[in-house]
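The lines below spell out each chain.
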Amino acid sequence: MSAKTVTRADLCEAVYQKLGLSRTESAALVELVLKEITDCLERGETVKLSSFGSFVVRKKGQRIGRNPKTGKEVPISPRRVMVFKPSAILKQRINAEPVGAED
Amino acid sequence: MIKSELVQRIAAQNPHLYQRDVENIVNAILNEITAALARGDRVELRGFGAFSVKERPARTGRNPRTGQHVEVDQKCVPFFKTGKEMRERLNRSDIDDDSSPSKDIAS
């Protein structure tokens, strides 16, 4: 049913339909949008996209983890992780869709 | 960076496009992702990450201020999993060892 996966190609198609630029250019623009967001996060900057959500980079300190297979303790090095905070509007839209409203 | 700054940066690299067009492009992308999630679909962007929807069952919650029990309906929440390349890039520039010969994923 809803096992579909949307990919870059679908985003390109959406941009192509909406703007009427060439497919090649639409694809390049989708790539550029992702690149700009990624570059920003790489610098440790937060990216806020209103009515969608924000991407935040968090720093994690060193901690002790465990290899789940062997049970051995291993130190986990300090690292940066990225989290997505969905906006209220996005959460609303996801819940607004009626699930069994077909036929 | 906020959305308008993202639009400006992209517009600066594409002088043949109106800023309004770039705004439409960014919104088209975000709307497409939102619509997919609303349908219950997954959105996978290699190198960036994947958006999916997770179901949260109904539960009895509490109003933290009054301590009263409240029934919370079943709901769906968006979930994002960071992509492999993104994870690597987040940790490449930071904290000392950026000299390690970590594999550069070329797709």
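Please refer to the structure higher up on the page.
Everything numeric in this text was worked out from a predicted model, so none of it was measured.

Applying the stated rule across the entire model yields 10 aromatic pairs over all chains. Aromatic ring contacts, followed pair by pair, group Phe 52, Phe 55 and Phe 84 of chain A together with Phe 48, Phe 51 and Phe 80 of chain B into a single cluster. Positioned over the ring face of Phe 79 of chain B is Lys 54 of chain B, at 3.9 Å from the centre of the ring.

Helix-helix packing is characterised by the crossing angle of the two axes and by the distance between the axes. Residues and elements named next belong to chain B. Between helix H1 (residues 3–13) and helix H2 (residues 19–39), the shortest axis-to-axis distance is 9 Å and the interhelical angle comes to 120°. Taken together, H1 and H2 sit at an angle that is classed as oblique. Here the hand of the crossing between H1 and H2 comes out right-handed. Taking contact as the criterion, the partners of Lys 3, Leu 6, Val 7, Gln 8, Ile 10 and Ala 11 in H1 are, on H2, Gln 19, Val 22, Glu 23, Val 26, Asn 27 and Leu 30.

Turning our eyes to something else, we now look at H2 of chain B. Two residues of an α-helix separated by three or four positions point the same way, owing to the 3.6 residues in each turn. Residue and element names in this part refer to chain B. When the terminal C-alpha atoms of H2 are compared, their 30 Å separation across 21 residues agrees well with the 30 Å that a helix rising 1.5 Å per residue should span. For H2, the full list of buried residues reads Asp 21, Val 22, Ile 25, Val 26, Ala 28, Ile 29, Leu 30, Ile 33, Thr 34, Ala 36, Leu 37 and Ala 38. Gly 40 lies just past H2 and shows a positive phi near 90°.

Pairing between sheet strands relies on hydrogen bonds along the backbone, with the strands arranged either parallel or antiparallel. Residue and element names in this part refer to chain A. Overall, antiparallel pairing links the three strands, which are arranged E2-E3-E6 in an open sheet. The sheet is open, and its two borders are formed by strand E2 (47–49) and strand E6 (79–86), each paired with just one other strand. Direction aside, the axes of adjacent strands within the sheet are offset by 25° on average. Taken together, the eight bridges between strand E3 (residues 53–60) and E6 define a ladder with antiparallel strand orientation. The residue bridging Lys 60 from the neighbouring strand is Arg 79, located in E6.

Counted under the stated rule, the structure contains 11 salt bridges over all chains. Put simply, Arg 8 of chain A and Glu 31 of chain A hold a salt bridge, and the shortest N to O gap is 3.0 Å. On the criterion of sequence distance, the pair formed by Arg 8 of chain A in helix H1 (residues 8–19) and Glu 31 of chain A in helix H2 (residues 23–42) is long-range, its members being 23 residues apart. Arg 8 of chain A sits in the partly exposed class, given a relative accessible area of 22%. Several salt bridges converge on common partners, so that one network encompasses Lys 35, Asp 39 and Glu 42 of chain A together with Arg 89 and Arg 92 of chain B.

Calculation notes
- Residues numbered from 1 in each chain as written.
- Chains lettered and ligands numbered in written order.
- Predicted model: local features only at pLDDT ≥ 70, side-chain atom pairs only at ≥ 80, totals over all residues.
- Heavy atoms only, no water.
- Phe/Tyr/Trp six-rings, centres within 6.5 Å; stacked < 30°, edge-to-face > 60°.
- Lys NZ or Arg CZ within 6 Å of the ring centre and 35° of its normal.
- Axes fitted to C-alpha atoms, helices over the stretch in contact; angles between N-to-C directions.
- Helix = DSSP H or I, 4+ residues; strand = E, 2+ residues; numbered from the N terminus.
- Parallel < 35°, antiparallel > 145°, perpendicular 65-115°, else oblique.
- Left-handed = near helix turned anticlockwise from the far one by under 90°.
- Contact = heavy atoms within 4.5 Å.
- Expected span 1.5 Å × (residues − 1).
- Buried < 20%, exposed > 50% of the residue type's maximum accessible area, 1.4 Å probe, protein only.
- Pairing = 2+ DSSP bridges.
- Salt bridge = Lys/Arg side-chain N within 4 Å of Asp/Glu carboxyl O.

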